[in-house]
Amino acid sequence: MIPVVRKKRRKAPPKVDRRTSWREAAVLLEGELVEGKRPGQDKVLVGHGPWRIWLDTYTVSTGQVTVQYTRARAYFRGWREIQVTVRSANLFDRLWRKLTGGPKPGISRALLEKHVVKGKPAARLPSLLLAAGLTDAILEAKAVSLRVKPASRRLRKRHGEDLAEVICLTTGVVDAVDRLVTMVRVVEAALDALAGIGEAIREEAPDP
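Residues numbered from 1 in each chain as written. Predicted model: local features only at pLDDT ≥ 70, side-chain atom pairs only at ≥ 80, totals over all residues. Heavy atoms only, no water.

**Here's the deal with the nonpolar core**
(1) Moving on: Counting residues in each nonpolar core, the largest one holds 50 residues, and the members touching the most others are Phe 76, Leu 134 and Val 166.
(2) Moving on: Counting residues per element, this core draws most heavily on helix α7 (residues 177–196), which supplies 13 residues.
(3) Moving on: Apart from the residues lying within four places of it in its own chain, the contact partners of Phe 76 are Trp 51, Val 148, Asp 162, Leu 163, Ala 164, Glu 165, Val 166, Leu 191, Leu 194, Glu 199, Ala 200 and Ala 205. (Core = buried A, V, L, I, M, F, W, Y, C linked by side-chain atoms within 4.5 Å. Buried < 20%, exposed > 50% of the residue type's maximum accessible area, 1.4 Å probe, protein only. Helix = DSSP H or I, 4+ residues; strand = E, 2+ residues; numbered from the N terminus. Contact = heavy atoms within 4.5 Å.)

**Considering the environment of Val 116**
(1) Moving on: Relative to the assigned elements, Val 116 resides in strand β6 (residues 115–120).
(2) Moving on: For Val 116, a relative accessible area of 11% puts it in the buried group.
(3) Moving on: In sequence terms Val 116 and Asn 90 are 26 residues apart; their C-alpha atoms lie 8.7 Å from each other.

**Brief notes about the pairing of strand β3 (residues 51–61)**
(1) Moving on: Summarising the sheet, strand β2 (residues 43–48) and β3 pair through 5 bridges and their orientation is antiparallel. Paired with His 48 across the strands is Trp 51, a residue of β3.
(2) Moving on: From the end of β2 to the start of β3, which pair antiparallel, there are 2 residues, and Gly 49 there has a positive phi angle of about 60 degrees.
(3) Moving on: As defined by bridge partners, β3 adjoins strand β4 (residues 66–76) across 8 bridges and the pair is classed as antiparallel. Paired with Trp 54 across the strands is Arg 73, a residue of β4.
(4) Moving on: The hairpin formed by β3 and β4 contains 4 residues between the paired strands, and Gly 63 there has a positive phi angle of roughly 100 degrees. (Pairing = 2+ DSSP bridges.)

**Remarks on the pattern of salt bridges**
(1) Moving on: With the rule as written, the count across this model stands at 13 salt bridges.
(2) Moving on: For Asp 42, the salt bridge is made with Arg 19, and the minimal N-O distance between the two is 2.7 Å. Pair noted here: Asp 42 is in the loop between β1 (32–34) and β2 and Arg 19 is in helix α1 (residues 18–28), with a separation of 23 residues, a long-range link.
(3) Moving on: Since its relative accessible area comes to 18%, Arg 19 is described here as buried.
(4) Moving on: When the shortest N-O distance is used, the salt bridge between Glu 199 and Arg 80 registers 4.0 Å. Linking Glu 199 in the segment after α7 with Arg 80 in the loop between β4 and β5 (83–88), this pair joins segments that are 119 residues apart in sequence. (Salt bridge = Lys/Arg side-chain N within 4 Å of Asp/Glu carboxyl O.)

**Overview of the sheet that holds strand β7 (residues 145–150)**
Neighbouring strands of a sheet are bound in pairs by backbone hydrogen bonds; such pairs are parallel or else antiparallel.
(1) Moving on: Pairing is antiparallel across the open sheet formed by 8 strands, whose spatial order is β1-β2-β3-β4-β8-β7-β5-β6. Each having just a single partner strand, β1 and β6 make up the two edges of the open sheet. Each adjacent strand pair in this sheet contributes to an overall mean axis angle of 25 degrees, direction not counted.
(2) Moving on: Two elements, β4 and strand β8 (residues 164–171), share 8 bridges in a ladder whose sense is antiparallel. In the sheet register, Arg 71 faces β8, and the bridge partner there is Leu 169.
(3) Moving on: Seen against the sheet, α1 touches β1, β2, β3 and β4 and runs at an angle of roughly 145 degrees to β1.
(4) Moving on: The sheet strands contacting α7 are β2, β3, β4, β7 and β8, and the helix crosses β4 at an angle near 35 degrees. (Axes fitted to C-alpha atoms, helices over the stretch in contact; angles between N-to-C directions.)

**Focus on the side chain of Glu 165**
(1) Moving on: Take Glu 165: it is sitting in strand β8.
(2) Moving on: Given the relative accessible area of 8%, Glu 165 is considered buried.
(3) Moving on: In this structure, Glu 165 is in contact with Arg 73, Ala 74, Tyr 75, Phe 76, Arg 147, Val 148, Lys 149, Pro 150 and Ala 151, ignoring residues within four places of it in sequence.

**Description of the packing of aromatic side chains**
(1) Moving on: The full count for this structure, using the stated rule, is 1 aromatic pair.
(2) Moving on: When the centroid spacing of 5.3 Å and the interplanar angle of 20 degrees are considered together, the rings of Tyr 58 and Tyr 69 count as stacked. With Tyr 58 in strand β3 and Tyr 69 in strand β4, this residue pair connects regions lying 11 residues apart in the sequence.
(3) Moving on: Over the ring of Trp 22 we find Arg 18; its NZ or CZ atom is 4.2 Å from the centre of that ring.
(4) Moving on: The ring centre of Trp 54 lies 5.8 Å from the NZ or CZ of Lys 43, which sits over that ring. (Phe/Tyr/Trp six-rings, centres within 6.5 Å; stacked < 30°, edge-to-face > 60°. Lys NZ or Arg CZ within 6 Å of the ring centre and 35° of its normal.)

Okay, structure coming up:
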C-alpha cells in the first residue's frame, strides 16, 4: 500500500496592523502619526517646505454601496487656473485612444500608456507634468489618481480665491508602507511642480 503524503497547510500571512504600518510610514516620511480614537481614524502629517500634507482615509456611501478611500492631500496658495486629473487607464480608455489618435504632445509616453490625463488649460499640462519628479512619482505609485483643483467655495470665501488643493487618491484602506509613502511623494512632487510653473506660492496654507 502506497503511503498517503499529506501536504502541510500553509500558514496565513500575519494580519497587518494598520496603526503599526502607518506609524512606520510616518517615520520614513519624517512625519508624525496623529492617533485617532481607533486605528481607522489615524492620520499622518508630513511637512514639505511650507506645506502640510495629510494622509488619511474616508468613506463614501451611496445608500447601496460603501467605498473606502485612502488619500494624501494638501492645500496651497497661489492657484490661478490650472486643474488636473491623472488616473489609471481602463480598457475603454485604451480603445478610445486608438479611435481618437495617439498620445498628447509634450506629455510622457510612459505616463500616457497607463494613465488618462485631463485638465485645463490643456496647453499648460505638459509644463506641469514634465517638472522634475512628478511623472516619475505618479508612475512609481500604484493605482492612484492625482487631482489638482480649487478648494471648496466655502474655504475660498474664508481664505482667498487663490486657495486650491492637490490630492493623491486610491480605493481601499492602504496598509502597505511603501504605497503610503509613494502617495505622499506624489503630492510633494505635485506641490513642487505647481510652484515651478507659478501655480503655487511657497507659503503656509490652512489644513484640509
